[in-house]
Amino acid sequence: MPATAAEQGAMRRAFDLALRGPRGANPQVGAVILSPDGEILAEGWHRGAGTAHAEVDALSHLSDGAARGATAVVTLEPCNHTGRTGPCSEALIAAGIARVVFAVDDPGEASSGGADRLRAAGIDVEPAVFAADGTDLLGSWLAVQRLGRPHVTVKWAQSLDGRAAAADGTSQWITGSAAREDVHRRRAAADVIVAGIGTVLADDPALTARTPSGALHDSQPVPLVLGRRDIPHDAAVRRHPRPFLQRAGDDLPAVLAELRGLGFHRVFVEGGPAVASAFLRAGLVDDVIVYVAPVLLGGARLALGEIGVPTIGSALRLDTVSIDRLGDDVRIIAHPSSATADPTKGA
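Residues numbered from 1 in each chain as written. Predicted model: local features only at pLDDT ≥ 70, side-chain atom pairs only at ≥ 80, totals over all residues. Heavy atoms only, no water.

Along its length, the protein chain carries 10 helices and 13 strands. Dimensions along the principal axes, computed over C-alpha positions, put the protein chain at roughly 75 × 55 × 40 Å. A total of 347 residues make up the protein chain; the buried ones form 46% of that total. Taking the contacts inside the protein chain whose residues are at least 6 apart along the sequence as the reference set, 70% of them involve residues at least 24 apart. Per element, the accessible surface of the protein chain, about 16500 Å² overall, is 52% carbon and sulfur. Charged side chains of the protein chain number 33 positive and 40 negative; the gap between the two group centres comes to 5 Å. (Helix = DSSP H or I, 4+ residues; strand = E, 2+ residues; numbered from the N terminus. Buried < 20%, exposed > 50% of the residue type's maximum accessible area, 1.4 Å probe, protein only. Contact = heavy atoms within 4.5 Å. Areas by Shrake-Rupley, 256 points an atom, 1.4 Å probe, with all protein chains shown as cover. Lys, Arg positive; Asp, Glu negative; His and termini not counted. Charge placed at Lys NZ, Arg CZ, Asp CG, Glu CD.)

Pasting the structure below:
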């Protein structure tokens, strides 16, 4: 049976509840329990690793038997596995829930299957209610489940002729204020910002997310410096509001695995051509964002280095997501294409 108006309203409420939970290794999930006549009986949300899942949290506010015949509205398919807590599907069955409405399927290899378990117990299940909104809410967590690692965005700014800096190494500022504001907004949305040690030593970047006025955004990414050389005691990154990490960077998959284990889902790589090239060469990039300024610099300081493309036939093709004007600059967002390059075509 399609979701009723009361269930749709409850799902909107569940999305709001989900946002109360922390971002981290676990998804943000909200739940609402409705009586048979559509009245809200209880609400819940997931408060972090090791705490009750949203469905169980909502049920905990009801007395025994109060949920019998009720409907559970949840942003994510109820889980079907035992981790630090028990399966939510079993908790709903035990509570006597008659119907479950959810937005997004659980893609976890261990945790999926809750909907099938509920149906097997005779519970009516309605999936994919406001699925697009649920996917937006859970986007980074879903990407981590699919990829097995954090989602990686590589960003760089360049001149029209593909340079990242002038001959003397200066690069502030190639792009204008609108492009820089866009970058800082994206930094604020990331969990980790990555820069190479060469960039840290040459430019002394703060690696913070700032507003146009220069104030810090409320949300700040954790700085990660790749490279073995020592970071100076007076480096700006040491004054970052969040403690920085430093790793050698020889094994990028291992670095990403560590970040996932720490609960980080969104990695924003923007610290130098060598680091950007390394991630692309390793096939670990999900999105590329390039800001192109209408300026010519010439010289050898290219925005991108060697990425393992010996011939045009093995070029890394990208699918363009968007091309936008930001002041005098152009922002291009693309992601690697699965299509194989045809060496007989192109310029």
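Moving on, there is more to tell.
Taken in spatial order, the eight strands of this open sheet run β9-β8-β7-β10-β6-β11-β13-β12, and their pairing is mixed. Edge positions in the sheet fall to β9 (245–247) and β12 (318–326), since each of these pairs with one other strand and no more. Neighbouring strand axes in the sheet, compared pairwise and without regard to direction, differ in orientation by 20° on average. Of the strand pairs in this sheet, strand β6 (residues 151–159) and strand β11 (residues 287–293) are connected by seven bridges, and their pairing is parallel. Across the sheet, A157 pairs through a bridge with Y291, a residue of β11. (Pairing = 2+ DSSP bridges. Axes fitted to C-alpha atoms, helices over the stretch in contact; angles between N-to-C directions.)

So, on to the pairing of β11. Counting buried positions along β11 yields seven of seven residues, so the element is predominantly enclosed. Taking every second residue as pointing to the same face, both faces of β11 are buried, with D287, I289, Y291 and A293 on one and V288, V290 and V292 on the other. Here five bridges tie β11 to strand β13 (residues 329–336), and the two strands are oriented antiparallel to one another. Paired with Y291 across the bridge in β13 is R331.

Moving on: the sheet that holds strand β1 (residues 30–34). The sheet built from five strands is open, its strands ordered β2-β1-β3-β4-β5 with mixed pairing. The sheet is open, and its two borders are formed by β2 (40–45) and β5 (124–126), each paired with just one other strand. Neighbour-to-neighbour, the strand axes of this sheet turn through a mean angle of 15°, independent of strand direction. Two strands pair when backbone bridges link them, and β1 and strand β3 (residues 71–76) are joined in this way by four bridges, in the antiparallel orientation. For L34, the partnering residue across the bridge sits in β3 and is T71. Contacting β1, β2, β3 and β4 (99–104), helix α1 (residues 5–18) runs over the sheet at an angle of about 145° to β1.

Counted under the stated rule, the structure contains zero aromatic pairs. Its end group placed over the ring of W45, R20 keeps NZ or CZ at 4.7 Å from the ring centre. Above the plane of the ring of W45 lies R47, whose end atom (NZ or CZ) is 3.8 Å from the centre. (Phe/Tyr/Trp six-rings, centres within 6.5 Å; stacked < 30°, edge-to-face > 60°. Lys NZ or Arg CZ within 6 Å of the ring centre and 35° of its normal.)

Here the focus is the nonpolar core. Formed by 41 residues in total, the largest nonpolar core has its most connected members in M11, I33, L59, A72, L92, I97 and V100. Dropping the residues within four chain positions of it, M11 is found in contact with V73, V74, T75, V101, F102, A103, V129 and F130. If you look at the next biggest cluster of nonpolar residues, it comprises 27 residues, including V152, L245, L256 and V288. (Core = buried A, V, L, I, M, F, W, Y, C linked by side-chain atoms within 4.5 Å.)

Next up on the list: the side chain of E126. With respect to the secondary-structure elements, E126 resides in strand β5. Once you skip the residues sitting within four places of it in the chain, E126 turns out to touch M1, P2, A3, R99, V100, V101 and F102.

Keep in mind that low pLDDT regions are not for reading the predicted coordinates in detail. Averaged over all residues, the pLDDT of the protein chain equals 88, while 95% of them reach at least 70. When pLDDT is averaged over each element of the protein chain, β1 comes out on top at 97 and helix α6 (residues 139–147) at the bottom at 79. Low confidence marks residues 339–347, where pLDDT is under 50. Its contacts with residues over four positions away, or in another chain, come to seven contacts. (pLDDT = per-residue confidence, 0-100.)

This paragraph deals with the state of the cysteines. On inspection of all chains with the given rule, the structure shows zero disulfides. Not engaged in a disulfide, the cysteine C79 finds its nearest cysteine sulfur in C88; these two sulfurs lie 3.7 Å apart. (Disulfide = S-S within 2.5 Å.)

Another point: the environment of D161. For D161, the position within the fold is in the loop between β6 and α7 (177–189). D161 gets classed as partly exposed once you look at its relative accessible area, which sits at 26%. Expressed as a C-alpha distance, the spacing of D161 and G48, which sit 113 residues apart in the sequence, is 47 Å. Contact partners of D161, with chain neighbours within four places excluded, come to V295, L296, L297 and G298. Polar side-chain contacts of D161 include one of 2.3 Å to the side chain of S159. (Polar contact = N/O pair within 3.5 Å; in protein donor to acceptor, adjacent residues only side chain to side chain.)

To continue, consider the pattern of salt bridges. Under the counting rule described, the total for this entry stands at 17 salt bridges. Measuring nitrogen to oxygen at the nearest pair gives 2.4 Å for the salt bridge that ties D124 to R99. Pair noted here: D124 is in strand β5 and R99 is in strand β4, with a separation of 25 residues, a long-range link. Between D324 and R331 there is a salt bridge whose closest N-O contact spans 2.8 Å. Classification of D324 as partly exposed rests on a relative accessible area of 29%. For R331, a relative accessible area of 10% gives the class buried. What emerges from the salt-bridge pattern is a single network uniting D182, R185, R186, D324 and R331. (Salt bridge = Lys/Arg side-chain N within 4 Å of Asp/Glu carboxyl O.)

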